[in-house]
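Chain by chain, the residues run as shown.
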Amino acid sequence: MPEAPSTLNYYLGKGILMFDRFDSDGLPTGLYDLGNAPAFSIQPVVEKLAHYSSRGGVREKDLEVVTLVGATVKFTLDEMSAKNLAMAMLGEVSGKTVRGLTTPQLQGELQFFGTNSVGPNYNAVIWKVSLKPTSELGFISDDWAKIEFEGECLSDATGHPTSPYYNITDVTGS
C-alpha cells in the first residue's frame, strides 16, 4: 500500500461478508456466505477516566486513563436466505421452517473479504462477536427487504493473545 498522500489510497469498499455461528457450547458450526451486504463497518470503542487536580482555583485535567476497550460492528444484509432469516429472528432452521426466538444468543466469528477495484483491499476477521438484529423485518414492502445487525466484539485473548478482538489485513496485490 502506498504511503499518503496518494490517490491509490482512495477507497470504494466492496466485499464478501461471512459468518461462522457458534453453537450453544461455543463451538463453530461452519463459515457461510451471508450474501449481498450493502453495508459493513467496524468502530473501535474506548472509554477514559479523567482526573482533575484540585490544587488551584480552577480544576485542571492532569491525567486521563483508558478504562475500557472494545469495538462494535454494524452490517446490513439484503438476501432473505433461511440462515439470514434465522439470524434476524434469533432462531434456527429446521427443514423449510425458521423457528423464531429459539436461539437468542447470536455469537460467532465474522469475516470480511475485500473485493473492491478502487483502493486497497482489506480482509477483516473478528474472532468473536455477539450480534443482535436492529431492525424489524417487513414482510410487506414496496422496497427491497433489508436485515440490519449490530454487535459487540468480544475478547478472545485465549485463542488470539496478541490481537484478541480482530485483525485487518491489507491483501492488495496478493
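Residues numbered from 1 in each chain as written. Predicted model: local features only at pLDDT ≥ 70, side-chain atom pairs only at ≥ 80, totals over all residues. Heavy atoms only, no water.

A. Structural view of the side chain of D20. Mapped onto the fold, D20 is located in strand β1 (residues 15-22). One buried charged side chain, D20, makes no salt bridge at all; its nearest oppositely charged neighbour is K83, positioned 8.4 Å away. Of note is the side chain of D20, whose polar atom sits 3.0 Å from the backbone nitrogen of T29. D20 has contacts with P28, T29, G30, L31, Q107, G108 and E109, leaving out every residue within four places of it along the chain. (Helix = DSSP H or I, 4+ residues; strand = E, 2+ residues; numbered from the N terminus. Buried < 20%, exposed > 50% of the residue type's maximum accessible area, 1.4 Å probe, protein only. Lys, Arg positive; Asp, Glu negative; His and termini not counted. Salt bridge = Lys/Arg side-chain N within 4 Å of Asp/Glu carboxyl O. Polar contact = N/O pair within 3.5 Å; in protein donor to acceptor, adjacent residues only side chain to side chain. Contact = heavy atoms within 4.5 Å.)

B. How the structure looks around the layout of surface pockets. Taken as a whole, the largest pocket holds about 410 Å³ of empty space. Lining the largest pocket are 18 residues, with R21, F22, D23, T29 and T103 sitting closest to its centre. Looking at the lining of the largest pocket, the elements that each hand over two or more residues are β1, β2 (28-33), α1 (82-88) and β5 (92-94). Of the residues assigned to the lining of the largest pocket, the class counts are five nonpolar, eight polar and five charged. Of the pockets and cavities examined, the second largest pocket occupies roughly 350 Å³. Around the second largest pocket, the lining comprises 19 residues; the ones closest to its centre are G13, K14, G15, F40 and F112. Elements supplying a minimum of two residues to the lining of the second largest pocket: β1, β3 (39-53) and β8 (122-133). When residues of the lining of the second largest pocket are assigned to their parent elements, the largest contribution, four residues, is made by β3. (1 Å grid on protein atoms, 1.4 Å probe; cavity = no way out; pocket = protein on both sides within 12 Å on 5 of 7 lines; lining within 4 Å. Points joined across faces, edges and corners; volume = space filled by probe spheres on them. Nonpolar A, V, L, I, M, F, W, Y, C, P; charged D, E, K, R; others polar.)

C. Summary view of the pattern of salt bridges. Taken as a whole and judged by the stated rule, the model has three salt bridges. When the shortest N-O distance is used, the salt bridge between E64 and K48 registers 3.5 Å. Of this pair, E64 sits in strand β4 (residues 60-77) while K48 sits in strand β3, and the two are 16 residues apart along the sequence. Given a relative accessible area of 51%, K48 falls into the exposed group. With a relative accessible area of 40%, E64 lands in the partly exposed category. The structure contains a network of salt bridges with shared partners spanning K48, K61 and E64.

D. Highlighting the environment of G119. By secondary structure assignment, the location of G119 is in the loop between β7 (106-114) and β8. As for G119 and N9, which are separated by 110 residues in sequence, their C-alpha atoms are 5.1 Å apart. With near-sequence residues (within four places) excluded, G119 lies in contact with L8, Y10 and Y11.

E. Expanded view of the packing of aromatic side chains. Applying the stated criterion to the full structure yields four aromatic pairs. Seen in terms of ring centroids, Y11 and Y122 are 6.0 Å apart; in terms of plane orientation they differ by 50°. Their pairing is tilted. Taken as a pair, Y11 in the segment before β1 and Y122 in strand β8 lie far apart in primary sequence, 111 residues in all. Y11 gets classed as partly exposed once you look at its relative accessible area, which sits at 40%. Ring plane angle 25° and centroid distance 5.3 Å describe the contact between F40 and F112, whose orientation is recorded as stacked. Separated by 72 residues along the polypeptide, F40 in strand β3 and F112 in strand β7 bring together distant segments of the chain. Classification of F112 as buried rests on a relative accessible area of 12%. (Phe/Tyr/Trp six-rings, centres within 6.5 Å; stacked < 30°, edge-to-face > 60°.)

Treat this as a map of the structure, not an account of what it does.
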